[in-house]
Structures are given as structure tokens and as C-alpha cells.
Amino acid sequence: MRYFLGIDAGGTHSRARLTDLDGAVLGEGRAGPANARIGLESLHAVLTSVSQSAVAAAGLGESDLPLIQAGMGIAGVSRPGMLRAASELAFPFGAVHLETDAAIANLGAHLGEDGATLVLGTGSVAHIKIGGTRITIGGYGFPISDEGSGAALGLSAMRHALRALDGRTKPTPLSAAVTAQFDHDTGRAIEWMDQATPRDYAEFAPMIMDYAEKNDEIARSIVEDAVRHVERFIETIFEQGAPRCALAGGLSRRLRPWLRERTAAKLSEAKGDGLDGALILARQGKP
């Protein structure tokens, strides 16, 4: 192989990076969400699109594709049968290695060494690597799990906002800001929720965090509940014997200051991200 392609396919967006044998970056690409829940056909289309973007940015052509070894981390493939089904998707590369997005996040965070990573993004999941042992905690998909995630925060905000509209709880600036997006109409909000995806709910997360930091009563309660789940994740990770734990995902930066000081003190800084992990997977063929 002359090239390595790493893909981090998450619930919000997908990224790709192509390098040469020495690790020099040749091209990068971006595309939309590639969670396995969007269906295999749509998943394949997104992975193909983001791959093509990176290959084109590197100035490579069709004849170079068999010289590429790819590592892909995909959200949602931990569901029963999904990894096997995704492995049957056709790509023009010389070799393709698939894993969960949590596995590549952990590979990147510790650059292949033993450790654990708690991913807090659209969803939430923890991945632990200790020698030859791999352990996944959570990550069953929204709304089954994904505690402490952006999607979970968004769903809680919608529920609180609807209760405020009903008069069952006191309205706050957050609840008003949420229901304003539906003209304060319960029917329109319910209609939206009937079709909403985890990504749709997660788009509320930055606003929820903003209001929580302004001491909004509902926003604080939502964030404090999320933090309890995050802290239990971290406790479980160390109970499983992980030598270190890092946080990853777009929501982790906003939630970390809300952790208790003793919990935050246990965390390690990530040495890399999911794309770094995907490239390690591309080279090694295993997490």
C-alpha cells in the first residue's frame, strides 16, 4: 500500500484524511452524518462521497485507489449485525477495515496505547482497550441510551418546554426559546418530534449549555442530570480497570467544567482524535 485513508463517520458529520506512507497529509474531505441508522445504502453513499473528496483533494485518480488502505470508524455499527452488513459494502480500495466511531476515538486519544475514551457528541459511548481486551459501555443508540449526549439534552429540553406550555412547570427563558421555534404551538412541536433525528435534537445542545451557564433553572437541571450520567460513565470505566480516560466529541468541552473536581482530576488529555484513530486502524487493521 502507498496511501492510508482514515474516515471518522459520526452522527453529525463525517471526515476523511488521506496520507502517504510517512503520514504526510495529502487530502481531506467532509460530508454529512453517516450513522448506520440512516440505512446501508445511504451510509455507503456518504462514505463514498467523503472518500472521493479526500482522494480528489490529494490529486489522485482512479488508478491509485487500489493502492489505498482504509480505516473507517462508523457510528451505530455496534448494533447487532450492522458491522457485518457494513463490511459487505463495496469500496474500490486495496483494503478496508471497519470499526465503531468509539473504537477509533479511543485509538486516536491514546495513539493506540491502552486506555479509555468517553465520546460525548450527538450520542454517547465509552470504549476501553486493555491489552487484548475491548469493552464498550453504552452506545445502544438514541433514545435507548446515549445518556449525557447532545441528543439526550435536546430531547429533555423539548419535554420540559412542552410541560411549560401545558402549565405543568414554570416557563424559563430556555423553554421559551425552544417553543419559539414552533411558534409556541404544541401541535407543531409534536409534529416535529415525530420526524426528528438524533442530530436534530442535538442541535439544541449548544443553546441548552448557553442557558445553563446563565443559570436558567430548566437548563441547569438538564445539564446536571447529564453530568450525573457522565460521571457514572467515568466511574464505570475505571472500575473496569482502564489505566486512563479521555473525553472526546463535540459536547465534551462544554460538559467538562460541570464535572466534580475529583472526577475531572481523573481525566487525561486526548493525544489525538477520531481521524488519527481511523488512520491507525487503516495501518494496523485492528483497534
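Residues numbered from 1 in each chain as written. Predicted model: local features only at pLDDT ≥ 70, side-chain atom pairs only at ≥ 80, totals over all residues. Heavy atoms only, no water.

Student: Just checking my understanding: could you explain the pattern of salt bridges for this structure?
Tutor: Note on pairing: side chains with opposite charge can pair once their charged atoms come close. Applying the stated criterion to the full structure yields 18 salt bridges. Salt-bridge contacts for Asp 183 lead to Arg 188; the nearest nitrogen and oxygen are separated by 2.3 Å. Classification of Asp 183 as exposed rests on a relative accessible area of 53%. The class of Arg 188 is partly exposed, set by a relative accessible area of 38%. Between Glu 231 and Arg 260 there is a salt bridge, with the nearest N and O atoms lying 2.6 Å from each other. In this pair, Glu 231 is assigned in helix H9 (residues 217-239) and Arg 260 in the loop between helix H10 (252-255) and helix H11 (261-264), connecting sequence segments 29 residues apart. Looking at Glu 231, the relative accessible area reads 7%, which means it is buried. (Salt bridge = Lys/Arg side-chain N within 4 Å of Asp/Glu carboxyl O. Buried < 20%, exposed > 50% of the residue type's maximum accessible area, 1.4 Å probe, protein only. Helix = DSSP H or I, 4+ residues; strand = E, 2+ residues; numbered from the N terminus.)

Student: What should I look at first to understand unusual backbone geometry in this one?
Tutor: With the exception of glycine, most residues fall at negative phi, and the peptide bonds are largely trans. For the peptide bond that leads from Phe 142 to Pro 143, omega is 5 degrees, which places it in the cis range. With respect to the element layout, Pro 143 can be found in the loop between strand E8 (133-138) and helix H4 (150-166). Phi is positive for Asp 146, which is not a glycine, with a value near 60 degrees. Taking relative accessible area as the criterion, Asp 146 reaches 8% and is therefore assigned buried.

Student: Where do I start with the nonpolar core in this structure?
Tutor: Within soluble globular proteins, side chains that are nonpolar generally end up buried alongside one another. Formed by 43 residues in total, the largest nonpolar core has its most connected members in Leu 118, Leu 153, Met 158, Tyr 201, Ile 208, Ile 237 and Leu 255. Elements represented by at least two residues in this core include exactly strand E6 (115-120), strand E7 (124-130), H4, helix H5 (173-180), helix H6 (186-195), helix H8 (205-213), H9 and strand E9 (245-248). Broken down by element, the residue count for this core peaks at ten residues, all from H9. Ile 237 has contacts with Ala 116, Leu 118, Ala 126, Ile 128, Ile 137, Ala 242 and Cys 245, leaving out every residue within four places of it along the chain. Core analysis: the second largest hydrophobic core is formed by 28 residues, Ala 9, Leu 65, Val 77 and Phe 93 among them. (Core = buried A, V, L, I, M, F, W, Y, C linked by side-chain atoms within 4.5 Å. Contact = heavy atoms within 4.5 Å.)

Student: How do you make sense of the environment of Lys 170 when you look at a structure like this?
Tutor: Mapped onto the elements, Lys 170 comes out in the loop between H4 and H5. When the C-alpha positions of Lys 170 and Ile 218 are compared, they lie 8.9 Å apart, and in sequence the two are 48 residues distant. At 3.4 Å, the side chain of Lys 170 forms a polar contact with the side chain of Glu 217. (Polar contact = N/O pair within 3.5 Å; in protein donor to acceptor, adjacent residues only side chain to side chain.)

Student: What's the story with the packing of aromatic side chains in this structure? I'm lost.
Tutor: Where two aromatic rings form a pair, the distance of their centres and the angle of their planes describe that pair. According to the stated counting rule, one finds five aromatic pairs in the structure shown. Aromatic pair Trp 192 and Tyr 201: ring centres 5.2 Å apart, planes at 75 degrees, arrangement edge-to-face. Residue classification places Trp 192 among the partly exposed residues on the basis of a relative accessible area of 24%. In this structure Tyr 201 comes out as buried when scored by relative accessible area, which is 5%. Ring geometry for Trp 192 versus Phe 204: centroids 5.8 Å apart, planes at 85 degrees, classification edge-to-face. Of this pair, Trp 192 sits in helix H6 while Phe 204 sits in the loop between helix H7 (198-202) and H8; the two residues are twelve residues apart in sequence, bridging distant segments of the chain. Aromatic rings pair up to connect Phe 142, Phe 182, Trp 192, Tyr 201 and Phe 204 into one cluster. Taking NZ or CZ as reference, Lys 214 lies 5.4 Å from the ring centre of Tyr 211, over its face. (Phe/Tyr/Trp six-rings, centres within 6.5 Å; stacked < 30°, edge-to-face > 60°. Lys NZ or Arg CZ within 6 Å of the ring centre and 35° of its normal.)

Student: What exactly am I supposed to notice about the sheet that holds E8 here?
Tutor: The pairing of strands in a sheet comes from backbone hydrogen bonds and takes either a parallel or an antiparallel form. Spatially, E8-E7-E6-E9 is the arrangement adopted by the four strands of the open sheet, whose pairing is mixed. Across the chains shown, the open sheet's two edge strands, defined by having one partner strand only, are E8 and E9. Averaged over all adjacent pairs, the angle separating strand axes in this sheet is 15 degrees, with direction ignored. Direction of pairing for E6 relative to E9: parallel, over a ladder of four bridges. Across the sheet, residue Thr 117 finds its bridge partner in E9, namely Ala 246. (Pairing = 2+ DSSP bridges. Axes fitted to C-alpha atoms, helices over the stretch in contact; angles between N-to-C directions.)

Student: Where do I start with the pairing of strand E3 (residues 25-31) in this structure?
Tutor: Side-chain direction in a regular strand flips from residue to residue, so the side chains alternate between the two faces of the sheet. Sheet topology places strand E2 (residues 14-20) next to E3; six bridges connect them, and they run antiparallel. Residue pairing across strands places Arg 15 opposite Arg 30, the latter belonging to E3. Taken together, E2 and the strand that follows it, E3, pair antiparallel across an intervening segment of four residues, in which Gly 23 is found at a positive phi of about 90 degrees.

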